[in-house]
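Below are the chains, spelled out letter by letter.
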Amino acid sequence: MVVASPNPIIATEKIIETIELPVIDLSMGERSEVSNLVVRACEKYGFFKVINHGISKEITSRMEQESMSFFAKPFPEKELAGPANPFGYGCKNIGFNGDIGDVEYLLLNTHPLSISQRSKTISDDPHRFSSAVSDYIEAVREVACELLELMAEGLGAPDPSVFSRLIRDADSDSIIRLNHYPPMPVPIIGCKDKDTSPSYNTNRVGFGEHSDPQILTLLRSNDVGGLQISLNDGVWVPVSPDPNGFCVNVGDVLQAMTNGRFVSVRHRALTNSYNSRMSIAYFAAPPLNAKITALPHMVSAVRPSLYRPFTWDDYKKAAYSQRLGDARLDLFRKQ
């Protein structure tokens, strides 16, 4: 577990040069070629970048501006939108199991009514905030569905909507998370940060090692590095930021549904000594009662089913009852 103490500082770890993940251009003419590229990226890295995704600059700019405006508020005003139980404003504490990071965040349900209600404690102009967030969610959901359908086609699934229909469902449990990593050693004003020592020469964990439990994650960040992925045990690889594209990664549910062919890779976010980092993550999730099992054509005598069937509700409860870096999918692995 990376984040196991109130002072999440990395002393010495093996970190190799920045990796350039596969870049998927959704405007490429040959759909089958794009589909194969997406599948290969999910198999080899569990992460890739997507460009020419069709989401307008206006939509992303409005979303980013609203996010920055919220995090720029004085702490007492931000605190009115919390605590994150499960939705709302959180600071330092990540979840309910003792995980801590140098981050403040806003966690929102993606349903329009929930966003509208939450906006009243988040923004001085609730309608503007709600509109920006809802438009953004609608846009990234469409991209997520397109990617999931490309994956299904590349895997030879008889039904190309086998993944995407889970997040198109009206009862989808998808969420959106806005993360703000203040530059260190500047503390988050108002937060109970016991460690205020200088960290100019120290890598500090903003959000600790974990895999995403959902189906798929679409992440945007400003032009400040911090994301790292672990492709091999003990080796962390920085991912270069790309404010014009999205970083996409496989979630635990997708790993289970592909019977381990796609990999849900562990990752983390570090803070920056001088620059503020902000990211917006859309976590595409199925409805709570959705049954998760490996696609039939992903199972064979040579490769039997790795995981026992479960509902998203089962997995969510199990995942959120553990520490951030625990191997949660192993709880459902067949003996």
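What you are looking at is a predicted structure, and each value in this text was computed from that prediction instead of being measured.

How each quantity is defined
Residues numbered from 1 in each chain as written. Predicted model: local features only at pLDDT ≥ 70, side-chain atom pairs only at ≥ 80, totals over all residues. Heavy atoms only, no water. Helix = DSSP H or I, 4+ residues; strand = E, 2+ residues; numbered from the N terminus. Buried < 20%, exposed > 50% of the residue type's maximum accessible area, 1.4 Å probe, protein only. Contact = heavy atoms within 4.5 Å. Areas by Shrake-Rupley, 256 points an atom, 1.4 Å probe, with all protein chains shown as cover. Arc of directions from axis to C-beta. Salt bridge = Lys/Arg side-chain N within 4 Å of Asp/Glu carboxyl O. Phe/Tyr/Trp six-rings, centres within 6.5 Å; stacked < 30°, edge-to-face > 60°. pLDDT = per-residue confidence, 0-100. Right-handed = clockwise from strand over helix to strand, strands pointing away. Pairing = 2+ DSSP bridges. Axes fitted to C-alpha atoms, helices over the stretch in contact; angles between N-to-C directions. Parallel < 35°, antiparallel > 145°, perpendicular 65-115°, else oblique. Nonpolar A, V, L, I, M, F, W, Y, C, P; charged D, E, K, R; others polar.

J.: Explain the overall build of the protein to me, using residue names and the numbers behind them.
T.: Of the regular secondary structure elements, the protein holds eight helices and 16 strands. The buried share of the protein, taken over its 335 residues, is 55%. Here the analysis covers contacts within the protein between residues at least 6 apart in sequence; of these, 76% occur between residues at least 24 apart. Surface accessibility of the protein: about 14,800 Å² in total, with carbon and sulfur atoms responsible for 52%.

J.: I'd love a proper account of helix α8 (residues 312–320), names of residues and values included.
T.: Within α8 the residues assigned to the buried category are Trp-312, Tyr-315, Ala-318 and Ala-319. Along α8, the residues classed as buried sweep out an arc of 135° about the axis, all on the same side. Elements that come into contact with the buried residues of α8 comprise α7 (252–257), β15 (291–292) and β16 (310–311).

J.: Please provide a residue-by-residue account of the pattern of salt bridges, values included.
T.: For the coordinates displayed, the defined rule picks out 19 salt bridges. Linking Glu-149 and Arg-168 is a salt bridge whose minimum nitrogen-to-oxygen distance equals 3.8 Å. Here Glu-149, found in helix α5 (residues 126–154), pairs with Arg-168, found in helix α6 (residues 164–168); they are 19 residues apart in sequence, far enough to count as distant. The buried category is assigned to Glu-149, whose relative accessible area is 17%. A relative accessible area of 42% places Arg-168 in the partly exposed class.

J.: Can you lay out the packing of aromatic side chains for me, pointing to particular residues and giving the numbers?
T.: Counted under the stated rule, the structure contains seven aromatic pairs. The interplanar angle of 65° and the centroid separation of 6.2 Å between the aromatic rings of Phe-75 and Tyr-89 together place this pair among those described as edge-to-face. Residue Phe-75 is found in helix α3 (residues 75–79), and its partner Tyr-89 is found in strand β5 (residues 88–94); the two are separated by 14 residues along the sequence. Phe-75 sits in the buried class, given a relative accessible area of 13%. Ring geometry for Trp-312 and Tyr-315: centres 6.3 Å apart, planes at 35°, overall tilted. With Trp-312 and Tyr-315 both in helix α8, this residue pair falls three residues apart, about one helical turn.

J.: Explain the side chain of Ser-221 residue by residue, including any values.
T.: Take Ser-221: it is sitting in strand β9 (residues 216–221). Setting aside residues no more than four positions away along its own chain, Ser-221 makes contact with Pro-241, Pro-243, Arg-277, Met-278 and Ser-279.

J.: Tell me about the confidence of the model for the protein, and name the residues and values.
T.: On average, residues of the protein score 90 in pLDDT, and 90% of them are at 70 or above. A low-confidence stretch, residues 1–7 (pLDDT under 50), is modelled with 18 contacts involving residues beyond four sequence positions or located in other chains. Within the model, the stretch residues 194–202 combines pLDDT values under 50 with 15 contacts to residues more than four positions away or in other chains.

J.: So, the pairing of strand β4 (residues 47–51): which residues are in play, and what are the values?
T.: Within β4, four of the five residues are buried, which leaves the element mostly enclosed by the surrounding structure. The handedness of the strand β3 (residues 23–25) to β4 crossover, carried by helix α1 (residues 31–44), is right-handed. Of the pairings in the sheet, the one linking β4 to strand β12 (residues 246–250) comprises four bridges and is antiparallel in character. Looking across to β12, one finds that Val-50 is bridged to Phe-246.

J.: Summarise the packing of α1 against α5; cite the residues concerned and give the values.
T.: Look at α1 against α5: their axes get within 8 Å of each other, and the N-to-C directions meet at 90°. The angle between the axes of α1 and α5 places the two elements in the roughly perpendicular class. Across from Arg-31, Val-34, Ser-35, Val-38, Val-39 and Cys-42 in α1, the residues of α5 making contact are Glu-146, Glu-149, Leu-150, Met-151, Glu-153 and Gly-154. Tallied by class, the residues present in the contact of α1 with α5 amount to six nonpolar, two polar and four charged.

J.: Talk me through unusual backbone geometry; I want residue IDs and the actual numbers.
T.: A cis amide bond, omega -5°, links Gly-82 with the succeeding residue Pro-83. Among the secondary structure elements, Pro-83 is positioned in the loop between α3 and β5. Here the amide bond leading from Asn-85 into Pro-86 is cis, since omega sits at -5°, within 30 degrees of zero. Relative to the helices and strands, Pro-86 is located in the loop between α3 and β5. The backbone phi angle of Asn-52 is positive, close to 50°, even though this residue is not glycine. With respect to the element layout, Asn-52 can be found in the loop between β4 and α2 (57–71).

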